[in-house]
Amino acid sequence: QVQLVESGGGLVQAGGSLRLSCAASGRIFSSYVMGWFRQAPGKEREFVAAVSWSGRSPGYADSVKGRFTISRDNVKNTVYLQMNSLKLEDTAVYYCVATEATMTMRSGGYNYWGQGTQVTVSS
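## Details of the state of the cysteines
Item 1. Applying the stated criterion across every chain, the model contains one disulfide.
Item 2. The disulfide that involves Cys-22 links it to Cys-96, with 2.1 Å between the sulfurs. Since a negative S-S torsion denotes a left-handed disulfide, the Cys-22-Cys-96 link at about -85 degrees is left-handed. A residue pair is termed long-range when its members are at least 10 positions apart, and Cys-22 in strand E3 (residues 18-26) and Cys-96 in strand E9 (residues 92-99) qualify at 74 residues.
Item 3. Of the residues examined, Cys-22 reaches a relative accessible area of 0% and is grouped as buried.

Structure, rendered in structure tokens:
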């Protein structure tokens with residue numbers, strides 16, 4: 001089993017920055033693809049970003065490309081999401097995810113999910 005615990009969410013003004021962290025425990029973390037999804041009120045859960053075990057060739061949703069950066073520290077068993085130039089539409093609950101399989105933008109491709117952390121962007 002893999003346990004994922006997110007932190008770093010909060011309230012930020014538009015144009016500001018936040019860094020989310022996800023601490024993983026349990027089975028081997030370094031071999032897993034790690035990622036982030038988000039869900040805004042009344043909307044479906046959507047892919048944000050993911051990164052392979054090596055940290056190279058991360059994938060991003062078009063809506064966050066150039067503003068968000070995903071990274072991981074396999075020594076600390078932690079994955080990060082640096083969010084810059086935040087917009088009102090980035091307001092959502094952000095979920096950390098993990099999979100032993102290949103990177104995908106489908107939520108069904110991730111079998112481990114954290115509890116989520118709220119990010120609220122105000123004007």
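## Section: the pattern of salt bridges
Item 1. Per the counting criterion, the structure on display carries four salt bridges.
Item 2. Here Arg-38 and Asp-90 are joined by a salt bridge, their closest N and O atoms 2.9 Å apart. Pair noted here: Arg-38 is in strand E4 (residues 33-39) and Asp-90 is in the loop between strand E8 (78-83) and E9, with a separation of 52 residues, a long-range link. Here Arg-38 matches Asp-90 in class, with each residue buried.
Item 3. Through salt bridges that share partners, Arg-38, Glu-46, Arg-67 and Asp-90 make up one connected network.

Each value, and the rule that gives it
Residues numbered from 1 in each chain as written. Predicted model: local features only at pLDDT ≥ 70, side-chain atom pairs only at ≥ 80, totals over all residues. Heavy atoms only, no water. Disulfide = S-S within 2.5 Å. Helix = DSSP H or I, 4+ residues; strand = E, 2+ residues; numbered from the N terminus. Buried < 20%, exposed > 50% of the residue type's maximum accessible area, 1.4 Å probe, protein only. Salt bridge = Lys/Arg side-chain N within 4 Å of Asp/Glu carboxyl O.

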